[in-house]
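These are the residues of each chain, in order.
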Amino acid sequence: MTQDELKKAVGWAALEFVTPGTIVGVGTGSTASHFIDALGSIKDQVKGAVSSSEASTEKLKSLGIPILDCNEVDSLDIYVDGADEINSNMQMIKGGGAALTREKIIAAIAKKFVCIVDASKQVDVLGRFPLPVEVIPMARSYVARELVKLGGVPKYRQNVVTDNGNVILDVHNLSILDPIELENKINGIAGVVTVGLFANRGADVVLMGALDGVKTITQ
């Protein structure tokens, strides 16, 4: 199976976690896009979706799935999204698609976070994938200097503006041995909107696509 076929397999496998009559939190990226396709096949069974990006919103609308504002819901039964890296504790790096802040908000209000990935995303130690940090534009240089103090090598993601109007710094050269501690430290830097470490709120279920099929991993 190709990598895209593995992504499709986990995207469709996530449907078994969708309870009829509920609102579904939907992520961003190539794997989440397959889940959106799958969700379209049962669109009459769900009330709608809360989306983490403009791109996902447009695709959901094109399939006839109603979009709800995050402020209109108290909680979500489920949030389905991919990850750029994930460790054995179900802690993740996300934000390769620059939607990390909205993704983190939706994850926070979801009762269950189902992470859908192909096996290439599994790592022992997070940090091989550059860690995205969403930053208010006027704070970009200051935040970069603070990230250097933490051992990282931040690079400005050129020509990228988030859906919130901010910029992204991708932090290279990190070996993240304590993801929760680093998430808290970076979130405490003035000017940081959020960091793409999902450690305080990790995944509850991981659906991992491998050549021998989709594996379901829970804590």
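Being a predicted model, the structure only gives us computed values, none of them experimental.

### What about the UniProt feature "active site" (unreviewed entry) in the chain?
Point 1. UniProt marks Glu103 with the feature "active site" (unreviewed entry), using the numbering shown here.
Point 2. Its location among the elements puts Glu103 in helix α4 (residues 100-109).

### Some points on the domain arrangement of the chain
Point 1. For the chain, the assigned domains are domain 1 (3-123 + 200-218) and domain 2 (131-196).
Point 2. Its C-alpha centre places domain 1 at a distance of 24 Å from the equivalent point of domain 2.
Point 3. Counting residues at the interface gives 16 residues for domain 1 and 20 residues for domain 2.
Point 4. Both sides together, the interface formed by domain 1 and domain 2 hides about 1400 Å², and carbon and sulfur atoms give 48% of it.
Point 5. It is Leu100, Lys104 and Asn200 in domain 1 that bury the most area against domain 2; as a group they hold 39% of the surface buried on that side.

### Observations concerning the nonpolar core
Point 1. Residues Val18, Val24, Val26, Phe35, Leu39, Ile116 and Leu207 are the most contacted members of the largest nonpolar core, which totals 22 residues.
Point 2. Looking at this core, the elements that each hand over two or more residues are α1 (3-13), β1 (23-26), α2 (30-40), β3 (78-81), β6 (113-118) and β12 (205-210).
Point 3. Looking at this core element by element, the count peaks at four residues for α2.
Point 4. Not counting the four nearest positions on each side in its chain, Ile116 is found in contact with Val10, Gly11, Ala14, Thr31, Ala32, Phe35, Val80, Asp81, Gly82, Ala83 and Leu207.
Point 5. Ile93, Val167, Leu169 and Ile189 belong to the second largest nonpolar core, which has 21 residues in total.

### Concerning the sheet that holds β12
Point 1. Spatially, the six strands line up as an open sheet ordered β2-β1-β3-β6-β12-β13, and their pairing is mixed. Of all strands in the sheet, those bounded by a partner on one side alone are β2 (48-51) and β13 (213-218). Between one strand axis and the next, the sheet turns by 25° as a mean value, whatever way the strands run.
Point 2. Across the sheet, α2 is in contact with β1, β3 and β6; its angle to β1 comes to roughly 155°.

### Observations regarding the pairing of β13
Point 1. Bridge analysis of β12 against β13 gives six bridges, and the strand direction is antiparallel. Residue pairing across strands places Val205 opposite Thr218, the latter belonging to β13.

### Considerations on the packing of aromatic side chains
Point 1. Applying the stated criterion across every chain yields a total of one aromatic pair.
Point 2. An angle of 35° between the planes, with centres 4.9 Å apart, marks the rings of Tyr79 and Phe113 as tilted. Of this pair, Tyr79 sits in strand β3 while Phe113 sits in strand β6, and the two are 34 residues apart along the sequence. For the pair Tyr79 and Phe113, a shared accessibility class is recorded, and that class is buried.
Point 3. Directly above the ring of Phe198 sits Lys94, whose terminal nitrogen or CZ lies 5.5 Å from the centroid.

### Observations regarding unusual backbone geometry
Point 1. Although it is not a glycine, Ala98 adopts a positive phi angle of roughly 70°.
Point 2. Along the polypeptide, Ala98 turns up in the loop between β5 (92-93) and α4.
Point 3. Although it is not a glycine, Asn173 sits at a positive phi angle of roughly 70°.
Point 4. Inspection of the secondary structure puts Asn173 in the loop between β9 (167-172) and α6 (179-187).
Point 5. The exposure class of Asn173 is exposed, given its relative accessible area of 60%.

### Side note on the sheet that holds β9
Sheet strands pair by backbone hydrogen bonding; their relative direction is either parallel or antiparallel.
Point 1. Here we have four strands laid out as an open sheet, ordered β8-β9-β7-β10, and antiparallel in their pairing. Only two strands of the sheet have a single neighbouring strand rather than two, namely β8 (153-156) and β10 (192-195). Direction aside, neighbouring strands of the sheet carry axes that sit 30° apart on average.
Point 2. In this structure, strand β7 (residues 131-135) lies alongside β10, joined through three bridges in antiparallel fashion. Bridge assignment links Val133 to a residue of β10, and that residue is Val195.
Point 3. Relative to β9, helix α5 (residues 140-149) is tilted by about 15°, and along the sheet it contacts β7, β8, β9 and β10.

Procedures and definitions
Residues numbered from 1 in each chain as written. Predicted model: local features only at pLDDT ≥ 70, side-chain atom pairs only at ≥ 80, totals over all residues. Heavy atoms only, no water. UniProt positions renumbered as here; feature names shortened; annotations may be inferred. Helix = DSSP H or I, 4+ residues; strand = E, 2+ residues; numbered from the N terminus. Domains from an automatic or database assignment. Contact = heavy atoms within 4.5 Å. Buried area = accessible area lost by both parts, 1.4 Å probe. Core = buried A, V, L, I, M, F, W, Y, C linked by side-chain atoms within 4.5 Å. Buried < 20%, exposed > 50% of the residue type's maximum accessible area, 1.4 Å probe, protein only. Pairing = 2+ DSSP bridges. Axes fitted to C-alpha atoms, helices over the stretch in contact; angles between N-to-C directions. Phe/Tyr/Trp six-rings, centres within 6.5 Å; stacked < 30°, edge-to-face > 60°. Lys NZ or Arg CZ within 6 Å of the ring centre and 35° of its normal.

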